[in-house]
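Chain by chain, the residues:
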Amino acid sequence: MSAGTALRQLKQAQAGLKKARQFMAQARQDPRLVPRVLDIGWESLVQAHRLMAEIPLAAADEAVLTQQLAVQRYATALLVRLRRLIRRGELGPDDPDDFGGDDEA
């Protein structure tokens, strides 16, 4: 796998995480969507980690490592929100630190 392919995979992983975040925002309007939000969020985390795990060390240049950090931060923020959702059973507004604007590499 080349560094370019690795970057494409990481961007794909981040796109999946962003879709889960968007769905989470929609679910704030309709609490009946909470179980579906959990399913979608969890599946996007699984997929993102799978894509990141497939990247070989040989493809890990500076750009790939930076993008991997961004995806990892984004995944962690989503995981925190899912954990809160399970604990409280509701979605609150995003905290400023959950999905920062620096998640793009």
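A few points on the structure. Per chain, residues are indexed from 1 in the order of the written sequence. Residue-level local features of this predicted model are given only where pLDDT is at least 70; pairs of side-chain atoms are given and counted only at 80 or more, and the full residue set underlies all totals for whole chains, interfaces and linings. To obtain the side-chain values, all non-hydrogen atoms of the structure were used and water was disregarded.

1. As for the overall build of the protein
Only DSSP runs of H or I reaching four residues or more are called helices, and only runs of E reaching two or more are called strands; each is numbered from the N terminus. Check the secondary structure of the protein and you find 3 helices and 0 strands. Of the regular secondary structure in the protein, the N- to C-terminal order runs α-α-α. The buried label applies to any residue whose accessible area, calculated with a 1.4 Å probe on protein chains only, is under 20% of its type's maximum; exposed applies above 50%, and partly exposed to all values in between. For the protein, the proportion of its 105 residues judged to be buried stands at 33%. Here, residues are in contact when the closest pair of their heavy atoms is within 4.5 Å. Contacts in the protein between residues at least 24 apart in sequence constitute 74% of all its contacts with a sequence separation of at least 6. The accessible surface values rely on the Shrake-Rupley method and a 1.4 Å probe; as for residues, cover is taken only from the protein chains in view. As presented, the protein carries roughly 6,400 Å² of accessible surface, and 55% of it is formed by carbon and sulfur atoms.

2. As for helix H1 (residues 3-27)
Multiply 1.5 Å by the residue count of a helix minus one, and that product is the helix's expected span. For H1, built from 25 residues, the straight-helix expectation of 36 Å at 1.5 Å per residue is met to within 8% by its first-to-last C-alpha distance of 36 Å. For H1, the full list of buried residues reads Ala6, Gln9, Leu10, Ala13, Gln14, Leu17, Ala20, Phe23, Met24 and Ala27.

3. A closer look at the pattern of salt bridges
When a carboxyl oxygen of Asp or Glu lies within 4 Å of a side-chain nitrogen of Lys or Arg, that pair is called a salt bridge. Taken as a whole, this structure holds 1 salt bridge when the rule is applied. Note that Arg32 is salt-bridged to Asp30, the shortest N-O span being 2.9 Å. The exposure class of Arg32 is exposed, given its relative accessible area of 70%.

4. Some remarks on the environment of Gln22
Tracing the backbone through its elements, the reader meets Gln22 in helix H1. It is 9.8 Å that separates the C-alpha atoms of Gln22 and Val37, two residues lying 15 residues apart in sequence.

5. A few points about the packing of H1 against helix H2 (residues 34-53)
Axes here mean lines fitted to C-alpha atoms, for a helix over just the part in contact, with angles spanning 0 to 180 degrees between N-to-C directions. Relative orientation of the contacting elements H1 and H2 amounts to 170°, with a least axis distance of 9 Å. Our classification of the angle between H1 and H2 gives roughly antiparallel. Where H1 approaches H2, its residues Gln9, Leu10, Gln12, Ala13, Gly16, Leu17, Ala20, Phe23, Met24 and Ala27 are matched on the opposing element by Arg36, Val37, Ile40, Gly41, Ser44, Leu45, Ala48, Leu51 and Met52. Amino acid classes used here: Ala, Val, Leu, Ile, Met, Phe, Trp, Tyr, Cys and Pro are nonpolar; Asp, Glu, Lys and Arg are charged; the rest, including Gly, are polar. Taken together, the residues of the contact of H1 with H2 break down into 13 nonpolar, 5 polar and 1 charged. Angle categories are assigned with fixed cut-offs, so that under 35 degrees is roughly parallel, over 145 is roughly antiparallel, 65 to 115 is roughly perpendicular, and the rest are oblique.

6. Let's talk about H2
Here H2 spans 28 Å end to end across 20 residues, near enough to the 28 Å set by a 1.5 Å rise per residue. Residues of H2 that are buried include every one of Val34, Val37, Gly41, Ser44, Leu45, Ala48, Leu51 and Met52, and no others. Burial along H2 is one-sided: seen end-on, the buried residues are contained in an arc of 135°. With respect to the buried face of H2, the exposed residues turned more than 90 degrees away are Pro35, Asp39, Trp42 and Ala53. Directions from the helix axis toward the C-beta atoms define the arc.

7. A short note on the nonpolar core
Considering soluble globular proteins, one finds that nonpolar side chains tend to be buried as a cluster. Residue types Ala, Val, Leu, Ile, Met, Phe, Trp, Tyr and Cys, when buried and joined through side-chain atoms within 4.5 Å, form a set referred to as a nonpolar core. Ranked by internal contacts, the top residues of the largest apolar core, which has 23 residues, are Leu10, Leu17, Val37, Leu45, Ile55, Val71 and Leu78. Among the elements of the structure, H1, H2 and helix H3 (62-88) are those that each provide at least two residues to this core. In terms of residues, this core owes the most to one element, H1, which gives 8 residues. Among residues more than four places away in sequence, those in contact with Ile55 are Met1, Ala6, Leu10, Val64 and Gln68.

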